[in-house]
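A closer look at the structure
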Amino acid sequence: MSRSRALVVSALLIGQSGTTYAETPMSYWHTYGPAGYPLTQLGWGLGIISIVVSAVIAVLLLGAMSHERSRAADDTQLAVGREGGGMGWIYIGTGITTVVLIGCMGWTLLTSASVVRPPSTPALTVQVTASQWWWGLMYTSADPSRTFITANEIHVPVGQPVRFEVASADVIHSFWVPQLGGKMDVIPGQTNVTWLQADKPGVYRGQCAEFCGTEHARMALVLIADTPEDFRAWQDDQLRDTPIAASAQARAGQRVFQAHCAVCHTIRGSDAAGIVGPDLSHLMTRRTLAAGLLANTPGNLAGWIADSQSLKPGASMPDHLVSGADLTAVVDYLKTLQ
Amino acid sequence: MSDVETFRAPIIARATDQSQSSHILKRSWEGPGGIAGWLSTVDHKEIGKRYLITAFLFLIIGGLEAAIMRAQLAQPNEHLLTPEQYAQLFTMHGVTMIFLYALPVLSGFSNYLWPLLLGSRDMAFPRLNALSYWVFLFSGIFLYVSFSLGSAPDDGWFNYVPYSARAFNPGINIDVYALGMVLLGISTTVGAINFIVTLLRLRAPGMSINRVPILIWGTLTASVGNLFAVPAVSLAFFMLWMDRQFGTHFFDASAGGQPLLWQHLFWMFGHPWVYAIVLPAMGIVSDGLPTFCRRPLVGYTPVALATVSTMALGFGVWVHHMFATGLPIMAVSYFSAASMIIVIPSSVAVFSWIATIWTGRPVFTSAFLFFAGFVLLFVIGGVSGFMTAAVPVDLQLTQTYFIVAHLHYVLIGINVFPVVGGIFYWFPKFTGRLMNETLGKWTFWVMFIGFNVGFFPMHILGLAGMPRRIYTYAEGLGWGPLNLIVTLGSYLFAIGVLLFVVNVFVSLKRGQRAGDNPWDGASLEWSTSSPPPVYNFAVIPTVASRYPLWEGRLNQGDDRSSTQQGFLLDKGRETIGTTSLDAEPDVILKMPSNTYAPLLLGVALAVLFIGALLHSWWLLGAAVVVSLLASIAWLWPERALSQIET
């Protein structure tokens, strides 16, 4: 972002001086990948043209109201003696408008063409399944042993385009990581394809952008761009089976999990194989719980298990009326899912 | 030889409201008084006022809904509302403003003003006019009864499937919306037909098609647009109701249906509808501004053509609501370009208004301020629309607060501001009294500042990534401070609306008396009394130019319009029918008297839809029978109503 643009941004963000990537994590004033750059550029271009047009019209309007005029002889006298006149305004104004407009249309078409396809063929495909109100993720690979499932937290290697195939398990959602690119709606009965690329390592926030029911407001996702080495390590981590519960406490917790949770959730390497809710294998590698709602801490985890309906009313995850001891045990078990 | 008149040469005479003939006219045109008269009236002025008042009540209800939502959003993590309450509020806010306020309020102006602008004594189909109002009122009540029961529509005003399908939304909420919209569609359709036929048939002699006020062009265009657009949405809602109640699968992907079909049908209607709720309002400005600029509108013909072409183009742009749905890039690029082209007719109108002010001699009344303020809001709402028309930019902007900002600049800027200005302008004609100018100017500034403080920051919130339709947001996203400003600004705007309402009530009682033509306006409505007599004109005016009351002052040739002398037509309820383009006198039209048939038919239709909603088939059957009987009573041939050749 050039210096002058940065000035415009801070001037516009009244009361929010010094906006940064971290302070407005959903802002797309600045983007960090080739699926976003052309959009941002065109957005700035059309935005500045729009501001200039509005300002010119405001000045003309004020001028029209305030410029000097000869006085009327009396109240009944009209300002002109015949109906015609003033047509030059329409010819010149509309003429200039048309020229600018055609330029913008050309620029728009070229930009559209430039983001349809990624710069190189993506090596990685992530299948995203949106549900009320979370994101299921499947990392596919030609080698079936390298295919795995996770949820709500997308990792991608930095500097490489990634293909996303988005599908819905229920209603319409929209897949959106604003600092990397535009939206792609998730529509039942069809698989839409889009791509994103992060040029800078970091954490990018995303959120469902199409109203999808009562908890639409809290259907966030996190996209983490890792260095290729970190990504590879993360991928290997995810591919491992989860460790066998070692301590007695963890084994007790696993029994509770099997009784209460396994019908909906999967933990690879255990008997839990439900597919209604997010896959919880390697839960402890994720930063947030409940689609970006809570930081992933043991306290929040216990709270979410016991009291999900007051944290996210309407979510498919029911409140679990387990004893304090069982709750502690199951949290201790989940803490082993590294 | 029957005793029914089939031919008569109408008498041309000179008459005023004090003439003997006018007493006869008054007797013919006046209906019974009291509640009976109120329920059976077919007078366009009564119906127009009802439309205006009912639409304003809905505006206030919709505004209160918005005020509650803004309290919820003022800060991060507020807990004033449950998510479901919020969903019902934003849905009803949209439904109310778009369907129950924005078009009906313009129908109110048009119903009241059309015959007065055209020099006629009523609309072409006075009974249809009454039906259109009753059905509008009943569908509004229908939609709101469920709200008071806590099960209002809750999937947003565009109601995307499959969240609105029964599997995800099993309550009565969406059925109410679906049936309510089909019912409202009847009102819109019959109203549109009435406007179109009135334009083609009921203009004063000499008012050729190139002499009608721009408001007429706006409402005509909107009516033709609605006639083509409403069937799409009525069909879509009917199909949805079938899906929900009878297990059809039009939109059900799991059974081979298509969720995107809903979006196509909805927006094929929805986008033309947007033009239907702004073009008549733009017409209000194009007619009102010249009065206060003391000159004719600059570029009547281009503005009229721009009005029509905006609507024509408006039928080819619906996919710009669907750029992110995964349609092929070639397809969306066409719709992108078509949407951008609308900038051209819009710029014709903008430069016409500016030129009219520049080359005129503005009189800074409250109405003028609202019209001039509108021009700037029109441009801001226009350029933000132009930005969203660009596919790549829209992929970021769509479904964010940028869109919320854009649509409010369009609907408040281009509908509410002209409407309020229009009330200031025509209030003396409606009531015989002027509105308070001092309070009016305060109202303008409070509304204008409140609106911009409340709604401009929404653009920035959208650019900061805030999605629409979220009932809350977390801290740390940077949306808090601007949301607080939005809430405070929108409350200031609401205070402005309140000042306006106070002004209306105070001026009704204590307003300064207005003569026939307090603003020295040029069109026919200013030639009759304020408020107009029940028969509108003592004689049917004859028109020789676009500005009949300014003719002496504009050097436009020697032809003169005549408002004092013309067809008397004092033998019962009569007006003149003229030819479609040149407005040559053609026939004497006999107009119907007061009747309960429209009310009865309206009630029967409402009951029919209640029966459908409750699956009460006997109620539905009874309503069908009653509506058939009411239609028969309505359409029963009356010799007294047959046209008379001239």
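A quick note: this is a predicted structure, and the numbers were derived from the prediction, not measured. (Residues numbered from 1 in each chain as written. Chains lettered and ligands numbered in written order. Predicted model: local features only at pLDDT ≥ 70, side-chain atom pairs only at ≥ 80, totals over all residues.)

So, on to the overall build of chain A. Looking only at helices and strands, chain A has 7 helices and 12 strands in total. In terms of overall dimensions, chain A is more spread out than a globule: its C-alpha atoms have a radius of gyration of 27 Å, far above the 20 Å expected for 338 residues. Along the longest, intermediate and shortest principal axes, the C-alpha atoms of chain A span 100 × 45 × 40 Å. Split into buried and exposed, the 338 residues of chain A put 42% on the buried side. Taking contacts inside chain A between residues at least 6 apart in sequence as the whole, the part at least 24 apart equals 64%. (Helix = DSSP H or I, 4+ residues; strand = E, 2+ residues; numbered from the N terminus. Rg over C-alpha atoms; globule rule 2.2 N^0.38 Å. Buried ≥ 20, exposed ≤ 12 C-beta atoms within 10 Å, placed from the backbone. Contact = placed C-beta atoms within 7 Å.)

This paragraph deals with the overall build of chain B. Check the secondary structure of chain B and you find 19 helices and 6 strands. Expected size for 646 residues packed as a compact globule is a radius of gyration near 26 Å; at 25 Å, chain B falls within 12% of this value. Considering only C-alpha atoms, chain B reaches an extent of 75 × 60 × 50 Å along its principal axes. Relative to its full complement of 646 residues, chain B shows a buried share of 61%. Expressed as a percentage of contacts within chain B between residues at least 6 apart in sequence, the contacts between residues at least 24 apart total 80%.

Below, the discussion takes up the nonpolar core. By size, the foremost hydrophobic cluster in this structure holds 308 residues, and its most contacted members are Leu183, Ile354, Phe374 and Val375 of chain B. The dominant element in this core, judged by the number of residues it contributes, is helix α4 (residues 83-118) of chain B, at 22 residues. Both of domain 1 (124-239) and domain 2 (248-334) of chain A provide at least three residues apiece to this core. Among residues more than four places away in sequence, those in contact with Val375 of chain B are Leu61 of chain A together with Val350, Trp353 and Ile354 of chain B. (Core = buried A, V, L, I, M, F, W, Y, C linked by C-beta atoms within 7 Å. Domains from an automatic or database assignment.)

On to helix α15 (residues 401-431) of chain B. Residues and elements named next belong to chain B. By the largest-angle criterion, Tyr425 marks the main kink of α15, which is about 45°, and a proline, Pro428, follows within four residues. Burial within α15 is extensive, with 30 of its 31 residues counted as buried. Once α15 ends, the next one or two residues include Gly432, with phi positive near 85°. (Bend = angle between axes of the 7 residues up to and from the residue.)

A few words now on the sheet that holds strand β5 (residues 162-168) of chain A. Residues and elements named next belong to chain A. In space, the 5 strands of this open sheet follow the order β3-β2-β1-β5-β8, with mixed pairing throughout. Of all the strands in the sheet, just β3 (148-151) and β8 (192-196) have a single pairing partner and so form its edges. If you compare each strand with its neighbour and ignore which way they point, the axes differ by 25° on average. Across 5 bridges, the pairing between β5 and β8 is antiparallel. Counted as the bridge partner of Arg163 is Trp195 from β8. (Pairing = 2+ DSSP bridges. Axes fitted to C-alpha atoms, helices over the stretch in contact; angles between N-to-C directions.)

Attention shifts here to unusual backbone geometry. Following Gln132 of chain A, the chain continues into Trp133 of chain A via a peptide bond in cis, with omega recorded as -5°. Summarising the element assignment, Trp133 of chain A is placed in the loop between β1 (124-131) and β2 (134-140). Backbone torsion omega between Ser530 of chain B and Pro531 of chain B reads -15°, so that peptide bond is classified as cis. Locating Pro531 of chain B in the fold gives a position in the loop between α17 (480-510) and β2 (540-542). Even without a glycine there, the phi angle at Ala290 of chain A is positive, about 55°.

Okay, the interface of chain A and chain B next. Opposite the 82 residues of chain A that make contact, chain B presents 83 residues. Per-element tally for the side of chain A that touches chain B: the top contributor is helix α3 (residues 87-116) of chain A, with 16 residues. Across the side of chain A that touches chain B, the residue classes tally to 42 nonpolar, 30 polar and 10 charged. (Nonpolar A, V, L, I, M, F, W, Y, C, P; charged D, E, K, R; others polar.)

Our focus in this paragraph is the confidence of the model for chain B. When pLDDT is averaged along chain B, the result is 95, and 99% of the positions lie at 70 or above. Taken over the whole predicted complex, pTM reads 0.95, whereas the ipTM for its chain interfaces reads 0.93. (pLDDT = per-residue confidence, 0-100.)

With that settled, the discussion passes to the domain arrangement of chain A. Residues and elements named next belong to chain A. Its domain assignment divides chain A into domain 1 (124-239) and domain 2 (248-334). Each of domain 1 and domain 2 was reduced to a C-alpha centroid, and the two centroids are 22 Å apart. Taken together, the 18 residues of domain 1 in the interface contact 14 residues of domain 2. Those elements that provide at least two residues to the side of domain 1 that touches domain 2 are β2, β3, β10 (220-226) and α4 (228-239). Looking at the side of domain 1 that touches domain 2 residue by residue, the class counts come to 9 nonpolar, 5 polar and 4 charged.

What follows deals with the packing of helix α10 (residues 300-314) of chain B against helix α12 (residues 343-358) of chain B. Residue and element names in this part refer to chain B. Contact geometry of α10 with α12 gives a least axis separation of 8 Å together with a crossing angle of 150°. By the angle class used here, α10 and α12 are roughly antiparallel. As for the relative orientation of α10 and α12, their crossing is left-handed in sense. For the pair formed by α10 and α12, the contact residues are Pro302, Val303, Ala306, Ser309 and Thr310 on the first element and Pro345, Ser346, Val348, Ala349 and Ser352 on the second. Along the lines of polarity and charge, the residues of the contact of α10 with α12 split into 6 nonpolar, 4 polar and no charged. (Parallel < 35°, antiparallel > 145°, perpendicular 65-115°, else oblique. Left-handed = near helix turned anticlockwise from the far one by under 90°.)

Residue and element names in this part refer to chain A. Secondary-structure assignment places Leu334 in helix α7 (residues 324-334). On the basis of neighbour counts, which here come to 22 C-beta atoms within 10 Å, the residue Leu334 falls in the buried class. Residues Leu334 and Ile51, 283 residues apart in the sequence, show an inter-C-alpha distance of 53 Å. Not counting residues within four places of it along the chain, the set of residues in contact with Leu334 comprises Leu283 and Leu301.

Residues and elements named next belong to chain B. Viewed as axis vectors pointing N to C, helix α7 (residues 214-246) and helix α8 (residues 259-276) meet at an angle of 155°, and their least axial separation amounts to 8 Å. When the axes of α7 and α8 are compared, the pair comes out roughly antiparallel. At the point where α7 passes α8, the crossing takes the left-handed sense. Only Trp262, Leu265, Phe266, Met268, Phe269, Pro272, Trp273, Tyr275 and Ala276 of α8 make contact with α7, whose side of the interface consists of Ala222, Gly225, Asn226, Ala229, Val230, Ala232, Val233, Leu235 and Ala236. Split by residue class, the contact of α7 with α8 holds 16 nonpolar, 2 polar and no charged.

Sheet strands pair via backbone hydrogen bonds, and the direction of the pair is either parallel or antiparallel. All names here are of chain A. Spatially, 3 strands are ordered β4-β10-β9 in an open sheet, and the strand pairing comes out mixed. Since the sheet does not close on itself, it has two edges, and those belong to β4 (153-157) and β9 (202-207), each with one partner. Taken pair by pair, the neighbouring strands of this sheet meet at an average axis angle of 25°, ignoring direction. As defined by bridge partners, β4 adjoins β10 across 5 bridges and the pair is classed as parallel. Bridging from a neighbouring strand, Glu153 pairs with Val222 of β10. Together, β4 and β10 form the strand contacts of α4, whose direction differs from that of β4 by roughly 135°.

Glancing now at the pairing of strand β5 (residues 585-590) of chain B. All names here are of chain B. Relative to β5, strand β4 (residues 574-578) is paired through 5 bridges, and the arrangement is antiparallel. Of the residues in β5, the one forming a bridge with Ile576 is Ile588. Hairpin connection of β4 to β5: 6 residues between the antiparallel strands, including Ala583 at a positive phi of 60°. Alignment of β5 against strand β6 (residues 644-645), held across 2 bridges, turns out to be antiparallel. Residue pairing for β6: Val587 is matched across the bridge by Glu645.

Turning our attention to the environment of Ile540 of chain B. Inspection of the secondary structure puts Ile540 of chain B in strand β2. Residues Ile540 of chain B and Ile12 of chain B lie 528 residues apart in sequence; the distance between their C-alpha atoms is 9.1 Å.

Another point: the environment of Leu118 of chain B. Residues and elements named next belong to chain B. Mapped onto the elements, Leu118 comes out in helix α4. Separated by 32 residues in the primary sequence, Leu118 and Tyr86 place their C-alpha atoms 45 Å from one another. Each residue touching Leu118, except ones within four places of it in the same chain, is listed here: Leu202, Arg203, Ala204 and Met207.

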